[in-house]
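# Notes for the structure review
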Amino acid sequence: MAHALQLAARGLYTAHPNPRVGCVIVEGGAIVGEGWHQRTGEAHAEIHALNQAGAKARGATVYVTLEPCCHHGRTPPCTEALIQAGVARVVAALPDPNPKVAGHGLKQLSAAGIAPESGLMQTEAEKLNRGFVMRMRTGRPLVRVKLAMTLDGRTAAASGESKWISGEAARTDVQHLRAESGAIMTGVNTVLSDDPLLTVRLPEFDAAQGQQPLRVVLDSRLRLPHNARMLVQPGRTLVITGAQDAGRNHPAAVETVSLAGQEGKVDLRAALQHLATQHEINDVLVEAGPILSGALVEAKLADELVLYLAPALLGDSARGLLHLPALQHLAQRVALDILDLRAIGQDWRITAKPLYT
């Protein structure tokens, strides 16, 4: 199963919106077939492994990181292929959280005389597909907020200049976060001040023929410039606005949807639900300023903070990390669970989970 998880991770940049799945077929103590799901619309991990195993699959044990699918989607059900191959046993790490499967795949195998099991290395399998699991269980994607700051908690100079707070190694690390994500979200103020590309620029991403993440701009008053650099980059751009006339004053090259909340602002929860249901987004990486980042934390929608800490100081007049309501008491603070801490070049990367009350 550990080997199957390693195979599944090969689809880290390319499998979404499908889950990352690996499969290993064992017969007589030897691996006779293996595979992983490479991209949506192509064969699932089980099919690749069965094709490699051929006749040796009969009577074999199948280790797969996610419960085999039992419904017709973009591809035929994997349960049918496993039954036809005559495998004897299927061990799944993670029961599929997709309501279309949700235990029915294992039941179908059992009804066909195949011994099903689940739960082996389930924690590791779920970690590999946290966004997919989140979308299936809650109807919204996993939200990671990327931030960069100096040791004194500043993200930009008083003038607004912020290139670059972090070093080159940290910026390359962010490219990997982008490659893992189905969407990159920012606010229109960030576009107006920085004119970012919001694309993945990694040789291994290009080699894997990864699809550029959906660029999502929250733009309450439709101020996205027609000449923004992101609009001529590969991939798609979605503008989510609070304006009632979503078709007014925006570049024709982008899709626009109106999801208004209070005071004409974008309804953040509705925006995330839209990304999940209409675009099948599992993971959203937020690269924005303190207003949007703070709003996501305030709304308890930021599932993870990825903070790059640079060895520098910018002083009292520089800009802060998050825009949050003034807290009168320590009991109101947002506590963080530090999940990971490591050096990235000259910077430190802190990965933390907000502990909302």
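Anyway, here's the lowdown on the structure attached to this text. (Residues numbered from 1 in each chain as written. Predicted model: local features only at pLDDT ≥ 70, side-chain atom pairs only at ≥ 80, totals over all residues. Heavy atoms only, no water.)

### As for the overall build of the chain
Counting secondary structure elements, the chain contains 11 helices and 16 strands. Computed over the C-alpha atoms, the radius of gyration of the chain is 22 Å, within 12% of the 21 Å expected from 2.2 N^0.38 for a compact globule of 357 residues. Summarising its shape, the C-alpha atoms of the chain cover approximately 70 × 45 × 40 Å along the three principal directions. Looking at the chain as a whole, 50% of its 357 residues are labelled buried. Nonlocal contacts in the chain, meaning residues at least 24 apart in sequence, comprise 69% of its contacts between residues at least 6 apart. Surface accessibility of the chain: about 16800 Å² in total, with carbon and sulfur atoms responsible for 51%. (Helix = DSSP H or I, 4+ residues; strand = E, 2+ residues; numbered from the N terminus. Rg over C-alpha atoms; globule rule 2.2 N^0.38 Å. Buried < 20%, exposed > 50% of the residue type's maximum accessible area, 1.4 Å probe, protein only. Contact = heavy atoms within 4.5 Å. Areas by Shrake-Rupley, 256 points an atom, 1.4 Å probe, with all protein chains shown as cover.)

### A look at the packing of aromatic side chains
Considering all chains together, one arrives at 1 aromatic pair under this definition. On the numbers, 6.2 Å between centres and 55° between planes, the contact of Tyr13 with Phe205 is tilted. Residue Tyr13 is located in the loop between helix H1 (2-8) and strand S1 (22-27), and its partner Phe205 is located in helix H9 (residues 203-207); the two are separated by 192 residues in the primary sequence. The exposure classification of Tyr13 matches that of Phe205, with both residues buried. Looking at Arg10, its charged tip hangs above the ring of Trp36, at a distance of 4.7 Å from the centre. (Phe/Tyr/Trp six-rings, centres within 6.5 Å; stacked < 30°, edge-to-face > 60°. Lys NZ or Arg CZ within 6 Å of the ring centre and 35° of its normal.)

### Observations regarding the pattern of salt bridges
Counted under the stated rule, the structure contains 12 salt bridges. Put simply, Asp303 and Arg140 hold a salt bridge, and the shortest N to O gap is 2.9 Å. You can see Asp303 sitting in the loop between helix H11 (290-298) and strand S13 (304-310) and its partner Arg140 sitting in the loop between helix H6 (130-138) and strand S6 (142-150), a full 163 residues away along the chain. Here the two residues Asp303 and Arg140 agree in accessibility, since each one is buried. Taking the shortest distance from any N to any O, the salt bridge between Glu287 and Arg178 comes out at 2.7 Å. Here Glu287, found in the loop between strand S12 (283-286) and H11, pairs with Arg178, found in helix H7 (residues 168-180); they are 109 residues apart in sequence, far enough to count as distant. In terms of burial, Glu287 and Arg178 fall into one category: buried. One network of salt bridges, in which partners are shared, links Arg130, Arg144, Glu180 and Glu304. (Salt bridge = Lys/Arg side-chain N within 4 Å of Asp/Glu carboxyl O.)

### Describing empty space enclosed by the protein
In this approach the atoms are scanned with a rolling probe the size of a water molecule, which exposes any empty space left behind. One pass over the structure, following the stated rule, counts 1 cavity of 30 Å³ or more. As for the largest cavity, its lining consists of His16, Asn18, Pro19, Arg20, Asn129, Phe132, Asn282 and Asp283. A per-class count over the lining of the largest cavity returns 2 nonpolar, 4 polar and 2 charged. (1 Å grid on protein atoms, 1.4 Å probe; cavity = no way out; pocket = protein on both sides within 12 Å on 5 of 7 lines; lining within 4 Å. Points joined across faces, edges and corners; volume = space filled by probe spheres on them. Nonpolar A, V, L, I, M, F, W, Y, C, P; charged D, E, K, R; others polar.)

### Comments concerning the state of the cysteines
Enumeration according to the criterion identifies 0 disulfides in this entry. You can see Cys23 has no disulfide; the closest cysteine sulfur is in Cys78, sitting 8.5 Å from it. No disulfide involves Cys78; its sulfur sits 3.8 Å from the nearest other cysteine sulfur, which is in Cys69. Residue Cys78 is classed as buried on the basis of its relative accessible area of 1%. (Disulfide = S-S within 2.5 Å.)

### A short note on the pairing of strand S15 (residues 335-344)
The sheet contact formed by S15 and strand S16 (residues 347-355) spans 9 bridges and is antiparallel. Residue Ala343 lies in a different strand from S16, and its bridge partner there is Trp348. Once S15 ends, the chain turns through 2 residues before running back antiparallel as S16, passing Gly345 with a positive phi of about 65°. (Pairing = 2+ DSSP bridges.)

### Quick word on the packing of helix H3 (residues 78-85) against helix H4 (residues 104-111)
Close contact between H3 and H4 brings their axes to 10 Å; oriented N to C, the two are set at 20°. Classified by the interaxial angle, the pair formed by H3 and H4 is roughly parallel. Of the two elements, H3 crosses H4, and the hand of that crossing is right-handed. Listed contacts from H4 to Thr79, Glu80, Leu82 and Ile83 of H3 are Gly105, Gln108 and Leu109. (Axes fitted to C-alpha atoms, helices over the stretch in contact; angles between N-to-C directions. Parallel < 35°, antiparallel > 145°, perpendicular 65-115°, else oblique. Left-handed = near helix turned anticlockwise from the far one by under 90°.)

### A closer look at the sheet that holds strand S4 (residues 89-94)
Taken in spatial order, the 5 strands make up an open sheet running S2-S1-S3-S4-S5, and their pairing is mixed. Unpaired on one side and paired on the other, strand S2 (30-36) and strand S5 (115-118) mark the two borders of the sheet. With strand direction ignored, the average angle separating the axes of adjacent strands in the sheet is 15°. Pairing between S1 and S2: 6 bridges, direction antiparallel. Bridge pairing in S2 links Gly22 to Trp36.

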